[in-house]
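One letter stands for each residue in the lines below.
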Amino acid sequence: MSAMSLQTETSPPGFTTDERRTWMGLLARSRPDSLANLLPEPLPEHQDLRAPEVGTMMVQGRTDASGAPFSLGEITVTRATLHLPCGTTGHALVQGRDRAHARRAALIDALMQTPEASRIRERILTPLTKAETDRRQARAAKAAATRVEFFTLVRGEDK
Amino acid sequence: MYVAVKGGERAIDNAHAWLAEERRGDTAIAALSIAQIREQLKLSVDRVMAEGSLYDPDLAALAIKQARGDLIEAIFLIRAYRTTLPRFGSSLPVETARMAVIRRISATYRDLPGGQVLGPTFDYTHRLLDFALAAEGLDVVEAPSANPEGLDNVPHVMGFLNRESLIEAPGAGDEVPPDLTRNPLQLPANRALRLQALARGDEGFLLSLAYSTQRGYGNTHAFVGELRIGQVTVEAELPELGFAIEIGEIELSECETVNQFGGSKSEPPQFTRGYGLVFGQSERKALSMSLVDRALRWKELGESHSPAPARDEEFVLSHCDNIQATGFLEHIKLPHYVDFQSELELVRRLRAAAITPSGKEE
């Protein structure tokens, strides 16, 4: 942790905490190169409050899938905090070791709290969501094709 | 007497230079990229992440390249690198019930909500070498797709047994689990600590131990209630914000076994659980882990003592880490000139004493 103290923020009007959670999660999971394509250099003006820093988080599992937590192993993450000239603060905690990824994620988190939000959503978040949804659906569809159809089994979709 | 040994620096430098050359192999053949290792040797990458106890496919691929494919050496590199990174905190426990499954099978129930999903498995292959793979420029045919209905929320099989109380409740414990990377392993270990040690333990060691329980050395009579593989999201609290966000997505293999249990004075007969959870796609390891986890639980389940390696917590937990094992094993090849000199002196003196002044052996 840097020496500065970071206060707990409450979401200003215009978006809900759930909405912010959604875009922060989307940015964290996004591929660094896709994000770089959607938000190329030069980046909008900003100032680091906490320059991108690589570290780990201990991932917890649950005993017997739903019981008490246990330490499963670590994951690499990068975090960053910055602010825009208007003073809006953006945070990021993203998977992997890509500092530029964390910087862009924090920057977008900040921009999403400004009047830029709808433009950012349209240009960056919507394509990211679509790419992720497509990727997930493609894998789910392939998994579904390996579902065993026992001949005694009757399912609704069977004709 | 300690004799400082110097020298060998040039030999070591030259050995390392040669290692680098040998690592590269024939330069007429294209070098492997990290991305190629990550994408095409994925199960090696997964093993290095699981036993290196650090989820980062690119790092694991780099380690495999640097280690010339020696996975234990690669795991060693990952463990060493991990120590250089600051720990930001812990995630919330991952919810495998919400896993986007690519594989999900049960050996206890045939018909299940969500169905039996085979996924990209080696099972049912004939284990015949496919010489077509040796040909270059082979096009891959895209795998078939089907309607993924019901795959977005696949319930755990154990839930069915749990509803009827036919199986013990999931393991309880502290909300803040122990972490053996922060505090050295102490015995007796609680189940959370055992699961962490097993999750990063050597696959081969756990496989052999699990196999030994099947052959009668600490019988567990395990059925695979469910084996599932897929992506889960990792969530963590951001202290600055005061709420949790998703920080990434990881692939996990999970195995839950159903085991026999005769009941006790206080408990009616009930099935018992063994649990395995591993980074990446590694069902052999997840299965092994769940069998060994169950074997180690004999005391808390009030089972009678029967000596078997897989039930011996100290034996299992002290020897399952392949980096500890290889470190201690391999150190004996380093110079022990002085140790050996003293042994040599001793044997000479003992032999001299055993021989009488007349020259006859007693």
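Rules used throughout
- Residues numbered from 1 in each chain as written.
- Chains lettered and ligands numbered in written order.
- Predicted model: local features only at pLDDT ≥ 70, side-chain atom pairs only at ≥ 80, totals over all residues.
- Helix = DSSP H or I, 4+ residues; strand = E, 2+ residues; numbered from the N terminus.
- Buried ≥ 20, exposed ≤ 12 C-beta atoms within 10 Å, placed from the backbone.
- Axes fitted to C-alpha atoms, helices over the stretch in contact; angles between N-to-C directions.
- Parallel < 35°, antiparallel > 145°, perpendicular 65-115°, else oblique.
- Left-handed = near helix turned anticlockwise from the far one by under 90°.
- Contact = placed C-beta atoms within 7 Å.
- Nonpolar A, V, L, I, M, F, W, Y, C, P; charged D, E, K, R; others polar.
- Pairing = 2+ DSSP bridges.
- Domains from an automatic or database assignment.

Caption draft 1: Highlighting the overall build of chain A. Along chain A, the regular secondary structure elements total four helices and three strands. Taken from N to C terminus, the helices and strands of chain A fall in the order α-α-β-β-β-α-α. In chain A, which comprises 159 residues, the share counted as buried stands at 40%.

Caption draft 2: Just the packing of helix α3 (residues 42-52) of chain B against helix α5 (residues 71-82) of chain B, in detail. Residues and elements named next belong to chain B. For the pair α3 and α5, the least separation of the axes is 9 Å and the interaxial angle reads 50 degrees. Here α5 runs oblique to α3, going by the angle between their axes. Viewed along their axes, α3 and α5 form a crossing whose handedness is right-handed. Touching S44, R47, V48, E51 and G52 of α3 are L71, A74, I75, I78 and R79, all from α5. Looking at the contact of α3 with α5, its residues break down into five nonpolar, two polar and three charged.

Caption draft 3: Just the pairing of strand β3 (residues 100-105) of chain B, in detail. Residue and element names in this part refer to chain B. The element β3 is largely enclosed, with a buried count of six among its six residues. Relative to strand β4 (residues 223-238), β3 runs antiparallel, the two sharing five bridges. Directly across from A100, in β4, lies its bridge partner Q231.

Caption draft 4: How the structure looks around the sheet that holds β3(B). Residues and elements named next belong to chain B. Taken in spatial order, the four strands of this open sheet run β3-β4-β5-β6, and their pairing is antiparallel. The open sheet terminates on both sides in strands that have one partner only, identified here as β3 and β6 (272-279). Neighbouring strand axes in the sheet, compared pairwise and without regard to direction, differ in orientation by 25 degrees on average.

Caption draft 5: Here's a closer look at the domain arrangement of chain B. All names here are of chain B. When the domains of chain B are assigned, the result is domain 1 (9-82) and domain 2 (96-123 + 140-170 + 179-320). Each partner contributes residues to the interface: domain 1 has eight residues there, and domain 2 has ten residues. Ranked by residues supplied to the side of domain 1 that touches domain 2, first place goes to α3 with six residues. Among the residues making up the side of domain 1 that touches domain 2, the classes are represented as four nonpolar, one polar and three charged.

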